[in-house]
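Letter by letter, the chains look like this.
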Amino acid sequence: MHHHHLSDSALRALLSTTEDEHAVAELLDAEVSRRLLLLRAVLDASDDVPEAGPAGVRDAWRLLEDAEKLQPAGFRTALLDPQVGLWAASVFRRLSRVAADAADAGDAAPDEPPLHAELGFLSLLAASVSLVAGADFRVRVPVWQGAVFLPGLGRALVGGEAWGWAEVEARDGVATVTADGARAAVTADVAQATVTLPVDPESDGPGWQGLRRLRSVDAGTALTLTLTLDDLGPYPAVPGLQTSGRLSPAQFACWQRWFDEMWPVLATGHPAAARALSVGLLSVVPLPRGERLRARAASSSDAFGCVLLSEPDDDAEWLPAQLGVALVHEFRHTLLNGLIFLTPLFDECGELFHAPWRDDPRPLGGLVHGAYAFSGVAHYWRTRGADGLAGFEFALWRSAVQAVLETLRDHPALTPLGRDLVKTLDEQTAPWHEEPAGTHEHHLAHLAATHHHATWRAHHLHTPSSHAKALARAWEAGGGRADAPDMRPVLRTDPGACRLDALALLARLSIIAPQEFDALRAEEEPARLVPGVGVADLALVGGDAEAAVKLYVDELADGGARPAAWAGLGLALSECGETAAGAVLTEQPELALGVSRLLPTPPDPVALARWLARRPVR
C-alpha cells in the first residue's frame with residue numbers, strides 16, 4: 001500500500017469534460033489502497049465481535065495473504081471487484097455501528113444478512129483468490145440463501161439452510177463446494193450438496209452459475225472492452241433498485257450484441273473515453289427495461305467501475321450511441337467518486353437546489369456530481385453533429401450544465417479543489433454556447449429545459465400562504481391589484497414529483513421515431529402509453545402552440561390537473577406571442593398554482609396568468 005498523490009496531468013484530466021486512461025489508472029491504484037485499508041479495518045474491528053470466530057476471519061486473512069503471495073495480479077483483480085467494494089464498505093459501516101452501540105451487536109437490520117455471514121465473506125474472497133492462484137486449500141465459507149458466491153467467479157447452488165455453512169476445497173486443480181457435512185437438504189432442482197466447479201468458471205455446470213464476461217473488440221482500432229456482467233452478486237450497488245436477476249443465455253447474448261454494436265461507436269467516435277472505459281469499467285449490472293425512452297442507469301461510490309444499466313430501447317439506429325453515452329455518464333460519476341475519496345470537493349451545506357436532470361431537489365454534492373457527469377454527456381453529443389438527436393441532446397445538456405455551474409460558481413461550501421473543478425468545467429463548456437445546433441433541435445431543447453425547471457418549481461416551491469391568500473382575495477374581488485408584494489417561495493419537497501422530463505422525452509421521440517410520435521398524438525389518453533405525458537404536451541412539441549393552449553386550459557379546468565400543465569401553458573402562451581403571461585407561468589408557476597388552489601372553482605388559467613403579469617412587483 002502506498003501514499004497516493006495524483007500527478008498534475010491526472011488531476012488536470014480529472015477536472016475536465018473528457019476522460020483519460022492514465023488518470024483512471026492512478027485512481028485504480030488509489031482504490032486498491034483504499035480497499036486494503038478497509039480490509040484491515042474490518043479485520044481489526046472484528047476482533048471485538050463474537051461472530052468473528054465462527055466466521056473464521058483470522059483463518060481467511062491468512063489464506064488471503066498466502067494467495068496474494070502466489071499471484072499478486074489475481075489478488076488485485078479480486079480486490080477491485082465491485083462486489084468486494086460493496087461488501088467491505090457495508091461490513092465496515094456495520095461493525096462501526098456495532099462498536100458504537102454494543103447492545104445491538106450482531107443484530108441485523110431488515111435487509112442485512114446475519115453478521116457471521118457478512119464477516120464470512122472474507123473467506124469467500126480468500127477462496128476466490130486462492131482458486132485463481134491455483135493453490136490447494138480448504139476453507140469454511142458461509143451459505144447465503146442457499147448459494148455460495150465466489151467473487152469474480154460465480155456461485156454454487158448448494159441448498160440447505162438459508163444462512164448455513166459450506167466448505168470450499170481445491171486439490172490438484174479440482175475445486176468443489178460442499179454444503180456443511182454434505183447433509184444439506186437440496187431444495188431446488190439445480191442445487192446439489194456438492195458442486196464441482198467447471199474448468200472454465202464462466203461456464204455453467206451442475207449446481208454452478210458462472211459470472212460471464214462481455215467482450216467487445218473494435219476492428220478498426222483493435223481496442224478491447226472486457227467487463228463482468230454481474231447478475232449474481234449478493235450486494236446491491238443501489239439498495240432498493242430492482243435488478244434483472246440471472247439472465248438466460250439468450251438474454252446474455254442480447255447484452256453481448258448491444259455492446260458489440262456500441263463499442264465501435266465509442267472506440268472510433270470517442271477514442272479517449274473508450275480507452276478510459278477499457279481501463280476502468282469493471283462490471284455492468286443489468287436492470288429490467290424501463291419506460292420508453294426512460295432508460296435507467298446508476299452507480300455507487302462503493303463500487304468503483306460498476307455501472308447499472310437497464311435494457312436499451314429497440315431503436316436500432318440510435319441504440320449504440322445511447323448505450324455509449326449511458327456508460328460515459330455513469331463512469332464519470334465513478335471518476336468523481338474516486339477523486340472525492342482522495343480529497344473533498346465540497347462540504348455539505350444543507351441547501352437544496354434544482355438539478356435539470358432530476359425530479360427531486362438535490363444537495364450541493366448532487367449538483368457537483370451532475371455538472372461533472374453531464375458536462376461529459378454534452379461533450380459526447382457535441383462530437384456527434386448538430387442535427388437530429390445529437391443536436392438536441394447537445395443543446396439540452398450544455399444549457400443544463402451552464403445553469404448548474406452558475407449556481408455552483410463561488411459557492412462558499414466548495415473546497416479550493418471544488419472551485420477549481422467548477423472553474424475548469426466553466427471554461428471548457430462556455431464556448432459551446434456559441435456553437436451551432438440545428439434550429440429545430442435547439443428550440444426543442446429550450447422547450448424541454450424551460451418546462452423541466454418550471455414544473456420542478458410547481459412541485460417543490462410554495463407561495464407563502466399570506467401572499468397567496470392576498471392574491472386570491474384580489475382575484476375574487478374582481479381582479480383588482482393586490483397590495484401584497486412578492487414573497488420568496490418556500491421549498492417543500494413533493495415526493496409525488498416524477499417524470500418531469502415529459503417534454504424532453506417527447507422531443508426525442510419526435511426525432512428518432514416520428515411515426516410513433518404522430519401515433520401518440522392521435523391517442524385520447526397518451527399517458528396510458530407514456531406515463532406523465534398529456535395531449536397538450538404533444539401539441540406543444542409538435543409545433544401547434546394554439547392547440548396546446550386550448551388543451552392546457554381544458555386540463556386546468558379540472559382541479560386535479562398536473563402541476564406541469566401550468567408550465568406547459570406558459571410555454572404555449574409564449575409561443576403564441578403572449579410573452580408576459582407566459583413568463584409568469586414559466587418563471588413563477590407556483591404563484592398561479594397557489595392562487596388557483598385557494599379559489600372555490602378553477603379560474604380561467606390564461607386570464608389568471610395575464611392578471612398576475614400585471615401585478616405590481618416590489
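Before reading on, note that the structure itself is shown above.
Thresholds, definitions, all that
- Residues numbered from 1 in each chain as written.
- Predicted model: local features only at pLDDT ≥ 70, side-chain atom pairs only at ≥ 80, totals over all residues.
- Heavy atoms only, no water.
- Helix = DSSP H or I, 4+ residues; strand = E, 2+ residues; numbered from the N terminus.
- Buried < 20%, exposed > 50% of the residue type's maximum accessible area, 1.4 Å probe, protein only.
- Polar contact = N/O pair within 3.5 Å; in protein donor to acceptor, adjacent residues only side chain to side chain.
- Pairing = 2+ DSSP bridges.
- Expected span 1.5 Å × (residues − 1).
- Contact = heavy atoms within 4.5 Å.
- Axes fitted to C-alpha atoms, helices over the stretch in contact; angles between N-to-C directions.

### Notes on the environment of Ser7
With respect to the helices and strands, Ser7 occurs in the segment before helix 1 (8-14). Of the residues examined, Ser7 reaches a relative accessible area of 23% and is grouped as partly exposed. A polar atom in the side chain of Ser7 sits 3.2 Å from the side chain of Ser9. A polar contact of 3.1 Å, which involves the side chain of Ser7, links it to the backbone nitrogen of Ala10.

### Thoughts on the pairing of strand 3 (residues 154-157)
Alignment of strand 2 (residues 147-150) against strand 3, held across four bridges, turns out to be antiparallel. Within strand 3, the position partnered with Phe149 by the bridge is Arg155. Linkage of strand 2 to strand 3, two consecutive antiparallel strands, is achieved through a turn of three residues, within which Gly152 is found at a positive phi near 80°. In the sheet, strand 3 pairs with strand 7 (residues 208-210) via three bridges, with the strands oriented antiparallel. Paired with Ala156 across the two strands is Trp208, which belongs to strand 7.

### Regarding the pairing of strand 10 (residues 283-287)
Within strand 10, five of the five residues are buried, which leaves it mostly tucked inside the rest of the structure. Across the two faces of strand 10 the burial is the same, with Ser283, Val285 and Leu287 and Val284 and Pro286 all buried. Sheet topology note: the strand 9 (residues 224-229)/strand 10 ladder contains two bridges and is parallel. Pairing of Leu229 across the sheet is with Val284, part of strand 10. Pairing analysis gives five bridges linking strand 10 to strand 12 (residues 306-310), with the strands arranged parallel. Looking across to strand 12, one finds that Ser283 is bridged to Cys306.

### So, helix 12 (residues 388-408)
Helix length check: helix 12 (21 residues) gives 31 Å between terminal C-alpha atoms against 30 Å at 1.5 Å per residue, within 8%. In terms of burial, helix 12 is largely enclosed, as 16 of its 21 residues are buried. Count one or two residues on from helix 12 and you reach Asp410, which has phi positive near 65°.

### Looking at the sheet that holds strand 10
Spatially, 8-9-10-12-11 is the arrangement adopted by the five strands of the open sheet, whose pairing is mixed. Single-partner strands in this sheet number two, and they are strand 8 (212-217) and strand 11 (297-298). Bridge analysis of strand 8 against strand 9 gives six bridges, and the strand direction is antiparallel. Its bridge partner lying in strand 9, Ser216 is registered against Leu225. Here helix 8 (residues 249-269) sits on the sheet in contact with strand 8, strand 9, strand 10 and strand 12, set at roughly 30° to strand 8.

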